[in-house]
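# Structure at a glance
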Amino acid sequence: MDSIDTNFPIHGLLPKKETGALAFLGKYPHFDGRGVTIAVLDTGVDPGAPGLKVTSDGKPKIVDIIDATGSGDVDTSTVVQANDGEGEITGLSGRTLTIPESWNNPSGNYHIGLKPALDLYPKALKERLGKEKKERYWDPENRVALAEATRRLEEFEVKHQQSLSPEEKLEKEELQSHIEVLTNLDKKYTSCGPVYDCVVFNDGSTWRACVDLSERGDLAACPVLANYREENQYATLSQEDMLNYSVNIYDEGSILELVTNAGSHGTHVACIAAGYFPDEPERNGVAPGAQVIAIKIGDTRVGSMETGVALVRAVSINRCGTSESCKYKQVWH
């Protein structure tokens, strides 16, 4: 039996030879995009994707990650303080949130908000998780209930094979209704998904945000992030969804922006343009030395479709350079 060739033709995915990019870089190796910043207006760029960590000269690959659609915005204008001696606050969900002792918050003020995870999930992820949760939590109980309702109807029909009295007709209709309701509920099942409490505070030097991914108020087990442009930090919502997110904080803590991808296209574009793989140079993009600003214009809430508002915001960001210098959120809201 002939051996199977497992070497995937990576060189064929990006025609750098045909476009002359390889020849140019061979002649001018330092003209690989260094000093250039590329704005990618698309579905968002995943900061955890291979090839998008650093540039060819060691700088952070992704300079900033911004959501121009508003789909990740969280109203954190509500301000509370922790209970004396207990270090706890009550989130907008009603959960008790325990403030870790390691947090530094000179003012003692915590901005709180609430965000449904379904607002952050791309369409395909939302469908997959909904299907998995239905199979895990809904289907077993519903199937048992439907089987029991069917059994009771069959037993009734066996016992009442002659003409039915008015009372018996009503009883049969009731049994049939049970089956109909259970069947319709199964067809119309929808998963609400997780709902996360969000906490924003100032540690004396910068604004930071924490999303209660535990859904139990255990903030010590949850990552604390600053604006992406400041520390290039990101985290993952859960091992189940494997969806990376970063944050931006505006209006003195009153608006938290959770940035996730609406799809994979923007990440593909960023890698084609500027991906850098030091150990596998054949996978590099056209300009591995360039940096990237990721601007999400594909709105997660409408299946990653770009909107006019998002495009206008993205252009404004491009003109200003970064979200910090533009102060665009104060205008939008």
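The coordinates are above.
Presented here is an overview of the structure given in this document.

### Let's talk about the pairing of strand 14 (residues 291-296)
Along strand 14, six of the six residues are buried, which leaves the element largely enclosed by surrounding structure. Across the two faces of strand 14 the burial is the same, with Q291, I293 and I295 and V292, A294 and K296 all buried. Note: strand 1 (residues 37-42) against strand 14, six bridges, orientation parallel. By the bridge assignment, A39 is partnered in strand 14 with I293. Across five bridges, strand 2 (residues 62-67) lies against strand 14 in parallel orientation. Its bridge partner lying in strand 14, I65 is registered against A294.

### Concerning the side chain of D197
Within the fold, D197 resides in strand 8 (residues 195-202). Filtering out sequence-adjacent residues up to four positions away, D197 remains in contact with G91, L92, S93, R95, L97, G113, L114, C210, V211 and D212.

### Points about the packing of aromatic side chains
Counted according to the given criterion, the structure contains six aromatic pairs. Centre to centre, the rings of F24 and Y28 are 5.2 Å apart; their planes meet at 50°, and the pair counts as tilted. Seen in terms of ring centroids, Y28 and F31 are 5.8 Å apart; in terms of plane orientation they differ by 70°. Their pairing is edge-to-face. The ring of F277 carries R283 above its face, with NZ or CZ at 4.2 Å from the centroid.

Cut-offs used in this document
Residues numbered from 1 in each chain as written. Predicted model: local features only at pLDDT ≥ 70, side-chain atom pairs only at ≥ 80, totals over all residues. Heavy atoms only, no water. Buried < 20%, exposed > 50% of the residue type's maximum accessible area, 1.4 Å probe, protein only. Helix = DSSP H or I, 4+ residues; strand = E, 2+ residues; numbered from the N terminus. Pairing = 2+ DSSP bridges. Contact = heavy atoms within 4.5 Å. Phe/Tyr/Trp six-rings, centres within 6.5 Å; stacked < 30°, edge-to-face > 60°. Lys NZ or Arg CZ within 6 Å of the ring centre and 35° of its normal.

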